Amino acid sequence: MDDLVGFISPARWVGHPTLVYAELASTNDEARKHAENGCPQGLMVLADAQSAGRGRRGRAWVSPAGENLYLSLVARPTVALARVPTMALVVGLAVCEAVSKFVGTEAVSVKWPNDVRVREKKLSGVLVEGAIRGASLSYAIVGVGVNVRGARVAEELSETATTLRMACGREVSRREVLEALSRSLESRLDALSRDGFGALLGALKSRCETLGRAVKIEGVEGVAEDIADDGALVVRTRDGALVACHAGDVG
Ligand code: BTN
């Protein structure tokens, strides 16, 4: 983990401070502890390995040592409670932009709601967990996992997942990815607070592979036509109706 120790974030607030651990159960849990103790926005937790990394919907996030990025950022964006789900999309966009530098813009896309994929294979997942106080968001833990250095993925994931190394055909340093990610996260989270989700929708839609595709999501079947200003995926069903899907896996 020498490549992570001593990381100095090039961003203004993201990654200040950055805490690096050899192993944690989940970086999201560690970041939450700091947030509950009143740490400033920007604190970032990195782990070389996670023993209980988690993904959306209670799934496990396999987190071996020495290969990938597992990070959680404490953010306190200015966003209405009803718009908190848009954060995962905004973070997905930021990840997409950061890794484009390594794999090329055309190859990488956001799969609604929170996957970043390279040529249809998952490279990164985003897990945003909010804490509510009264009627507003007290803080959000922005968790990001990026597959970076592995020369292969586990056999059972070989059809569905990839790593930056596999996608670029060369070694990629975790530190370089982290630098790019710190900058893009800061830029996109600042824009969300300042201008609102609507101002980011154009950029997001242009990177979203789900739009225009036939989808099945939580019993709704049709063609994904749009992303609404609350982050919902808008699906045109066979009978012509438009249905806003707020959560679920896209099949
Ligand atoms: C998903 O695709 O379901 C989201 C995966 C999120 C994984 C990251 S790794 C860093 C952070 N800590 C966790 O336990 N999960 C997130």
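Just above sits the structure.
Treat the numbers as computed from the prediction; the structure is a model and nothing was measured.

Draft legend 1. Representation of unusual backbone geometry within the structure. Note that the residue after His-16, namely Pro-17, is joined by a cis bond; omega there is 0 degrees. Pro-113 follows Trp-112 through a cis peptide bond whose omega is 5 degrees. One can find Pro-113 in the loop between β4 (108-111) and β5 (115-118). Positive phi is not limited to glycine here, since Glu-120 has a value of about 75 degrees. Relative to the assigned elements, Glu-120 resides in the loop between β5 and β6 (121-133).

Draft legend 2. Layout of the side chain of Ser-63. Assignment of secondary structure puts Ser-63 in the loop between β2 (44-50) and β3 (69-75). A polar side-chain atom of Ser-63 sits 3.0 Å from a polar atom in the side chain of Gln-50. Of the polar contacts made by the side chain of Ser-63, one reaches the backbone oxygen of Trp-61; its length is 2.6 Å. Leaving out residues up to four positions away in the same chain, Ser-63 has contacts with Ala-49, Gln-50, Gly-53 and Tyr-70.

Draft legend 3. Structural context of the state of the cysteines. This structure, assessed with the given rule, holds zero disulfides. Left unpaired, Cys-96 is separated from the closest cysteine sulfur, that of Cys-208, by 9.4 Å. Judged by its relative accessible area of 0%, Cys-96 falls in the buried class.

Draft legend 4. Expanded view of the site of the ligand. Taken together, 21 residues sit near the ligand, with Ser-26, Gln-50, Arg-54, Arg-56 and Lys-122 positioned nearest. Here a nitrogen atom of the ligand sits 3.0 Å away from a polar atom, N or O, in the side chain of Thr-27. The contact in question runs from an oxygen atom of the ligand to an N or O atom on the side chain of Lys-122, over 2.6 Å. Contact with the protein chains hides 99% of the accessible area of the ligand, taken as 420 Å² for the molecule alone. Sorting elements by how many residues they give to the shell around the ligand places β6 first, with four residues.

Each value, and the rule that gives it
Residues numbered from 1 in each chain as written. Predicted model: local features only at pLDDT ≥ 70, side-chain atom pairs only at ≥ 80, totals over all residues. Heavy atoms only, no water. Helix = DSSP H or I, 4+ residues; strand = E, 2+ residues; numbered from the N terminus. Polar contact = N/O pair within 3.5 Å; in protein donor to acceptor, adjacent residues only side chain to side chain. Contact = heavy atoms within 4.5 Å. Disulfide = S-S within 2.5 Å. Buried < 20%, exposed > 50% of the residue type's maximum accessible area, 1.4 Å probe, protein only. Near = heavy atom within 4 Å. Areas by Shrake-Rupley, 256 points an atom, 1.4 Å probe, with all protein chains shown as cover.

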